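Spelled out from the first residue to the last, the chains are:
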Amino acid sequence: AAIEEGRIIYDNLVRFIKFSFGGNLGKVLIMMLAPLAGIGAMALRPLHLLWLNLLTDGLMGLGLGLEPAETDVMSRPPRKPDAAILDRPAIWHVGWMGVFICGACLLLAGVWYRFGWGNGEWQTVLFSAIGFAQIGQAWGLRALTDRPFRFGRNRALGALTVLTLVLQLGVIYVPALAGTFKLAPLSREGLAATAALGALTFVIVHLERRWRRMR
């Protein structure tokens, strides 16, 4: 029982580190590259970054930390005592996920910025895209081994995801909060595009794991 609990804790540490490092690398790259891409002098305001760090990193990371044991947790070979938590596959995930979040979010924001859709909506699109992408990443990281999609086992993550969505959409659509955050309400097209990015991120994380298992 102690060995099983230790493996569960270790798995959840790996999930959280991959999730947090990948998402934050994406935010850093966005802030560095957005001016070079011609999307304003400041892609996101400090309050936006603080909100995303507290909301997506905090709540979704907490939900990942409560993931129950996988079915094969006791059939795996022992881990080497000197093995690094961030092994090569984990570092690979952090790197490509950060680049993907940066590229996909800047692409969406750039389209809205260039075409002027929604009268200044581009910054809200970027803000929303990062949030949805990290939600998709968190759900994609639930399974560490190659198993079918599974829903409903981690009730804490499900509840925290709903709370994250409510709060994320609240600062966009509630006028008082949107004014504080200096965000414009998302159009239906903007909401659909950013939500689709979250779904795409979820699928890509699963495809990465399947590809690595096949190798």
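Preceding this section is the structure that the text describes.
The present account deals with the structure reproduced in this document. (Residues numbered from 1 in each chain as written. Predicted model: local features only at pLDDT ≥ 70, side-chain atom pairs only at ≥ 80, totals over all residues. Heavy atoms only, no water.)

## A few points about the pattern of salt bridges
No. 1: The final tally for this structure, using the stated rule, is 6 salt bridges.
No. 2: Across the pair Asp11 and Arg76 runs a salt bridge, and its minimum N-O distance is 2.8 Å. Separated by 65 residues along the polypeptide, Asp11 in helix H1 (residues 2-33) and Arg76 in the loop between helix H2 (46-64) and helix H3 (88-115) bring together distant segments of the chain.
No. 3: By relative accessible area, Asp11 is classed as buried at 7%.
No. 4: Note on Arg76: relative accessible area 23%, which makes it partly exposed. (Salt bridge = Lys/Arg side-chain N within 4 Å of Asp/Glu carboxyl O. Helix = DSSP H or I, 4+ residues; strand = E, 2+ residues; numbered from the N terminus. Buried < 20%, exposed > 50% of the residue type's maximum accessible area, 1.4 Å probe, protein only.)

## Some points on unusual backbone geometry
No. 1: A positive phi angle, close to 55°, is found at Lys182, a residue other than glycine.
No. 2: Relative to the elements of secondary structure, Lys182 occurs in the loop between helix H6 (175-181) and helix H7 (188-214).
No. 3: Lys182 sits in the exposed class, given a relative accessible area of 51%.

## What about the packing of aromatic side chains?
No. 1: The tally for this structure, following the rule as stated, stands at 3 aromatic pairs.
No. 2: Note that Arg79 overlies the ring of Tyr10, its terminal NZ or CZ placed 3.8 Å from the centroid. (Phe/Tyr/Trp six-rings, centres within 6.5 Å; stacked < 30°, edge-to-face > 60°. Lys NZ or Arg CZ within 6 Å of the ring centre and 35° of its normal.)

## Overview of H7
No. 1: Counted at 1.5 Å a residue, the expected span for H7 with its 27 residues is 39 Å, and the 39 Å between its end C-alpha atoms agrees.
No. 2: Those residues of H7 that sit buried are Gly190, Ala193, Thr194, Leu197, Gly198, Thr201, Phe202, Val205, His206, Glu208 and Arg209. (Expected span 1.5 Å × (residues − 1).)

## So, the layout of surface pockets
No. 1: The volume enclosed by the largest pocket comes to roughly 900 Å³.
No. 2: Looking at the largest pocket, it is lined by 28 residues, and the ones nearest its centre are Tyr10, Asp11, Arg76, Asp87 and Leu144.
No. 3: Those elements that place two or more of their residues in the lining of the largest pocket are H1, H3 and H7.
No. 4: The element that contributes the greatest number of residues to the lining of the largest pocket is H1, accounting for 6 residues. (1 Å grid on protein atoms, 1.4 Å probe; cavity = no way out; pocket = protein on both sides within 12 Å on 5 of 7 lines; lining within 4 Å. Points joined across faces, edges and corners; volume = space filled by probe spheres on them.)

Geometric values such as these leave the question of function open.
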